[in-house]
Amino acid sequence: MSDVSTVPVYKDSQMPVERRVADLVSRMTLKEKIGQMVQCTGAEFGDEKAYEDALREGMVGSRIGCDSQWAGNEGSRGISVEELNLHQRIAVEESRLGIPVINGRDIIHGHRTVMPVPLAQAASFDPEEVRRSARLAASEASAEGIHWTFAPMMDICRNPKWGRVIEGFGEDPYLAEEMAVAMVKGFQGDDMSAPDSIVACAKHFAGYGYCEGGRDYDASEITSGTFHNVVLRPFKAAVMRGGVGTVMTSFQSNGGIPSSASGFLLRRMLRETWGFRGFVVSDWGAVGEIEFHGACQDAKDAVRAAVNAGVNMEMIRSLYPRYIEALINERRISEETIDELVSGILRIKFMCGLFEHPYTEADPSRIRSAETLAASRRQAAHCMVLAKNNGILPFSDSLKGKRVALIGPMVHERGPLGGSWNLGSPGHEFRTIGEAFAEEAEKRGVSAAITDSALWDEQLRFANRCDVVVLCVGEHSNSTGETHASARYRLPVGQDELVDAVRRTGRPFVVVCVSGRPFPIPGARDHADALLYAWHCGTETANALMDVLFGEQEPSGRLPITVPEHEGQIPIYYGRKMPGKVNDWENRNANLYDDGWPYYNGEDFLPMYPFGFGLGYTTFDVSGICVDKTEIPAWDTVTVRSRLINTGSRRGTAVVQCYLTDVRASVSRPMKELVGFRKVTLDPGCESIVEFELNEEAMGFYDADGNRLLESGEFRVGVGLDSTVRPSVPFFVR
Ligand code: BGC
């Protein structure tokens, strides 16, 4: 019997996705297939008319929402839902097969409501809040016609001089895994095809955070062991636990192989080992860059390398349309490979429901709603890290009637509070810290002294005449993000001197660091009454800062990267391998070592603040750490228990962290690794038993070939409030 249905299989939403994909691919010409493999700004076609013709001919798979050659990193042009719909209508109703375009944009930390930069979100140690924040960003972005975000970025970074450190989740693979999965789930929701979901993209695959010297785009030289045990972990989690729809290649080469040409990454790991079924997009122009890396013969050869490695889509239309057909004719790539790559793109287009709802009904109620703003404000407070406090914070009623000077370079800034990759909210939408402070102070009967003058002599004059000084130092968002790297890891020029000048006023003072990254500020550590890392926390930075200063919210963030004492210590991270010249475990901290950090010739290698560190407005104690079994077979789990007590006088939140050491293995393992954390809130005097279940995921590791091993022998576990915990409770895997 012949099929009487007039609806082609691929248009039938009742059909399984794989059947729809196969049916559609079987109907496509080679040109149409290549069209799907192209992402463009639109501008490549010259004018609007030419772009519309290209849509009609099925030459556009995706559009990237930006308007400059600096990728998406400029938000000068807002989004026109009307225009997106108009173009979509041409693709859907006037092209031969009616395949919708997938609109991508960098929704990195919020959209019209800007959320804290991702490094700050990692500091919250709160995956659920990170998920919710991404969910709200997805809701805003999808209300404006965005289907796909180029986030989360999950590049582990142990060199904060790299400007892009602020886009990721810091130095630790376990924390990055948890954050990456949470963000993917937030963007994609339970159902990727829901109208308020957007497709996520795990980037940059892989090793970009290890660019040498923190110089953006520089090559990395990552060993195989580090690749498997550190760099790849969040990507694997994003694929296998998060179900991320897309992956973006990284710009740099590792061991001489540009990521966009890496069959190891894109075929062996991503598809064959982790079973990824979505699609890979190159980073901006990164296919062409294979040639600039000198890792192929010419531009055409770069396309051969990228296609064969498995790059489904070229970000920025340039080389795929020019060379794919010729390469097929020359048998340097096969049409089967093209079919496979196009199938990946179509699979995601079907899965995210684009064929069923290609158009966007603008929904202003989802933009900057009360709910989203409140979430942004709450999350900001939960990201802030209190590094020092002698009791001056939170400001109490005793400040009533006193004069508080608010000074420093960040007091009147707006746009920089949004951080790098804020494409959704123009600078004028941000409230300054000065405005928020003036209002809050008035409400509380405090006299705020804020000068408009940018001159430090004038600001110091204000400081001199006040009872308390709040000094807001920090960096511009333009100092972070892509194309930014610094040779120094310090506050911008002159600001350390300002801290020192405030010290000399003799007034009590609080230093607030408003930046993408937590800088070492020795003057604040040594002399300030409090030091708060407030980050670039987005739209609600200023309001959230007031919540924290005046005690409406407790700053419950913990450092997601180690803060060095000085930049000469970089790269610096807690999860180092055992060094040489250490005789045994017990003596590890003796002689040459202080808290696991070496000191030579009087030079101190102790960081200023360790990973995982942060204070709150109360104090906690962790005790009674024990394991339920001291010997287990490899398939079993160990439960670690500890008692957490709020020993202070306020309700507060602790981030309880569990670290594990694999004492002896066939290779040297990190001195300790974070294997679990819990954020626990307790009333004063109250206690709670905090449990961590450790399984193979925590105890195993990868060998240099990527094989998973769990070796028998001794492990030690520790629980505490930051990474200075010394794992000392033993158990054995037999
Ligand atoms: C960045 C990516 C970004 C892309 C699109 C590139 O330059 O490396 O992270 O998603 O541009 O804007």
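Because the structure is a prediction, the values reported are computed rather than measured. (Residues numbered from 1 in each chain as written. Predicted model: local features only at pLDDT ≥ 70, side-chain atom pairs only at ≥ 80, totals over all residues. Heavy atoms only, no water.)

1. Description of the confidence of the model for the protein chain
Selection criterion: The predictor attaches a confidence to each residue, called pLDDT, with possible values from 0 through 100. Here a residue-residue contact requires only that any non-hydrogen atoms of the pair lie within 4.5 Å.
Confidence in the prediction for the protein chain averages 94 pLDDT; 95% of positions are at 70 or higher. Confidence drops under a pLDDT of 50 for residues 68-74, and excluding neighbours within four residues, the segment shows 17 contacts in the predicted structure.

2. A look at the packing of helix H17 (residues 456-464) against helix H18 (residues 495-505)
Threshold: Axis lines are fitted to C-alpha atoms, over the contacting stretch for helices. Their N-to-C directions set the angle, which ranges from 0 to 180 degrees. Here a strand is any run of E in DSSP of at least two residues, a helix any run of H or I of at least four, and the numbering for each starts at the N terminus. An angle below 35 degrees is treated as roughly parallel, one above 145 as roughly antiparallel, one from 65 to 115 as roughly perpendicular, and anything else as oblique. Helix crossings get a hand from a simple test, with the near helix turned counterclockwise from the far one by less than a right angle marking a left-handed crossing and a clockwise turn marking a right-handed one. Nonpolar residues are Ala, Val, Leu, Ile, Met, Phe, Trp, Tyr, Cys and Pro. Charged residues are Asp, Glu, Lys and Arg, and all others, Gly as well, are polar.
Packing of H17 against H18 brings their axes to within 10 Å, and their N-to-C directions diverge by 30 degrees. Overall, the two elements H17 and H18 adopt an arrangement that is roughly parallel. The two elements H17 and H18 cross, and the hand of that crossing is right-handed. Of H18, the residues touching H17 (which contributes Trp456, Leu460, Ala463 and Asn464) are Gln495, Leu498, Ala501, Val502 and Thr505. For the contact of H17 with H18, a count of residues per class yields 6 nonpolar, 3 polar and no charged.

3. Examining the pairing of strand E29 (residues 729-733)
Stated formally: Relative accessibility decides the category of a residue: with a 1.4 Å probe and only protein chains considered, values under 20% of the type maximum give buried, values over 50% give exposed, and everything between is partly exposed. A pair of strands is labelled paired if DSSP reports no fewer than 2 bridges between them.
Here E29 shows a clear split, with Val729, Phe731 and Val733 buried on one side and none of Pro730 and Phe732 buried on the other. Looking at chain direction, strand E21 (residues 631-632) and E29 are connected through 2 bridges and run parallel. When the bridges of E29 are listed, Glu631 appears paired with Phe732.

4. With respect to helix H3 (residues 48-56)
Stated precisely, the cut-off is as follows: In this description, one arc is meant: the one made by directions from the helix axis to the C-beta atoms.
Those residues of H3 not exposed but buried are Tyr51, Glu52, Ala54 and Leu55. End-on, the buried residues of H3 take up no more than an arc of 155 degrees, which puts them together on one face. Its buried side turned inward, H3 meets strand E1 (38-40), strand E2 (62-64) and helix H4 (81-94). After H3 finishes, the residue Gly58 shows a positive phi value of roughly 75 degrees.

5. Side note on H18
Restricting attention to buried positions, one finds in H18 the residues Gln495, Leu498, Val499, Ala501, Val502 and Thr505. Down the axis, H18 shows its buried residues gathered within 160 degrees of arc, on one side only. Turned more than 90 degrees off the buried face of H18, the exposed positions are Glu497 and Arg504. Each element contacted by the buried residues of H18 is listed here: strand E12 (403-407), H17, strand E14 (468-474), strand E15 (509-514) and helix H19 (522-527).

6. A short note on the site of the ligand
Threshold: Residues are labelled near a given molecule or strand when at least one of their non-hydrogen atoms is within 4 Å of it. Any N or O atom pair separated by 3.5 Å or less is treated as a polar contact, with the protein-specific requirement of one donor-capable and one acceptor-capable atom, and with residues adjacent in sequence counted only for side-chain atom pairs. The Shrake-Rupley method, run with a 1.4 Å probe sphere, supplies the accessible areas, and residue values consider only the shown protein chains as cover.
The immediate surroundings of the ligand are formed by 15 residues, with Asp106, Arg164, Lys203, His204 and Asp283 found nearest. With respect to the ligand, the side chain of Arg164 contributes an N or O atom lying 2.7 Å from an oxygen atom. At a separation of 2.5 Å, an oxygen atom of the ligand approaches a polar side-chain atom of Asp283. Alone, the ligand offers 310 Å² of accessible surface; in the complex the protein occludes 99% of this. Residues belonging to the shell around the ligand are distributed by class as follows: 8 nonpolar, 2 polar and 5 charged.

7. What about the sheet that holds E21?
Taken together, 5 strands build an open sheet; the order of strands is E21-E29-E28-E23-E24 and the sheet is mixed. Strands at the two margins of the open sheet, each flanked by one partner only, are E21 and strand E24 (673-682).

8. Comments concerning the packing of helix H6 (residues 127-142) against helix H7 (residues 173-188)
Orientation of H6 relative to H7, taken along the N-to-C sense of each, is 30 degrees, at an axis distance of 7 Å. Relative to H7, the crossing made by H6 is right-handed. Of the residues in H7, those touching H6 at Pro127, Val130, Arg131, Ala134, Arg135, Ala137 and Ala138 are Glu178, Met179, Ala182, Met183, Lys185, Gly186, Phe187 and Gln188.

9. Some remarks on the pattern of salt bridges
Rules: Salt bridges, as used here, are contacts in which a Lys or Arg side-chain nitrogen is within 4 Å of a carboxyl oxygen on Asp or Glu.
A full pass over the atoms with the stated rule returns 53 salt bridges. A salt bridge links Arg304 to Asp301; the shortest N-O distance between them is 2.5 Å. One end of the pair is Arg304 and the other is Asp301, both in helix H12 (residues 299-309) and 3 residues apart, which spans about a single turn. Residue class for Arg304 comes out partly exposed when judged on its relative accessible area of 25%. Its salt-bridge partner being Glu440, residue Arg444 comes within 2.7 Å of it at the nearest N-O pair. For Arg444, a relative accessible area of 24% corresponds to the partly exposed category.

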